[in-house]
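The residues making up each chain are set out below.
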Amino acid sequence: MVVSTEPAWGDAVEQFVKEYESAIVYADIDQKTVLHEGAVRVLANGWVELPTGRLLSPDAVHHIDAQMD
């Protein structure tokens, strides 16, 4: 049996990734707690990746407002 070293989903997962150059990530509905301002990537599993490589849990993020430049 031959086992592939390539991921089963391949590049298909990248189609579900959203990238925002300018966004604000909030931790609450009242928009009082800002977790991050700037570029972000929302991964297919719901985690938010910051430019530093740090990841924000979907449980920590209430919503993201994309800013129009």
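Summarised in this report is the structure supplied together with it. (Residues numbered from 1 in each chain as written. Predicted model: local features only at pLDDT ≥ 70, side-chain atom pairs only at ≥ 80, totals over all residues. Heavy atoms only, no water.)

The next subject is the pattern of salt bridges. According to the stated counting rule, one finds two salt bridges in the structure shown. Note that Arg41 is salt-bridged to Glu49, the shortest N-O span being 2.9 Å. The exposure class of Arg41 is partly exposed, given its relative accessible area of 24%. The exposure class assigned to Glu49 is partly exposed, which follows from its relative accessible area of 23%. Shared partners join several salt bridges into a network, and the residues in it are Glu19, Arg41 and Glu49. (Salt bridge = Lys/Arg side-chain N within 4 Å of Asp/Glu carboxyl O. Buried < 20%, exposed > 50% of the residue type's maximum accessible area, 1.4 Å probe, protein only.)

Mapped onto the fold, Glu14 is located in the segment before β1 (18–26). Look at Glu14 and you get partly exposed, because its relative accessible area is 46%. Along the primary structure Glu14 and Ala44 are separated by 30 residues, whereas in three dimensions their C-alpha atoms are 7.5 Å apart. (Helix = DSSP H or I, 4+ residues; strand = E, 2+ residues; numbered from the N terminus.)

Strand order in the open sheet formed by five strands is β4-β3-β2-β1-β5, and the pairing between neighbours is antiparallel. The sheet terminates laterally at β4 (55–56) and β5 (63–66), the two strands that pair on one side only. Pairing of strand β3 (residues 48–49) with β4 involves two bridges; the strand directions are antiparallel. Within β4, the position partnered with Glu49 by the bridge is Leu55. (Pairing = 2+ DSSP bridges.)

The quantities given are spatial measurements derived from coordinates; they are silent on function.
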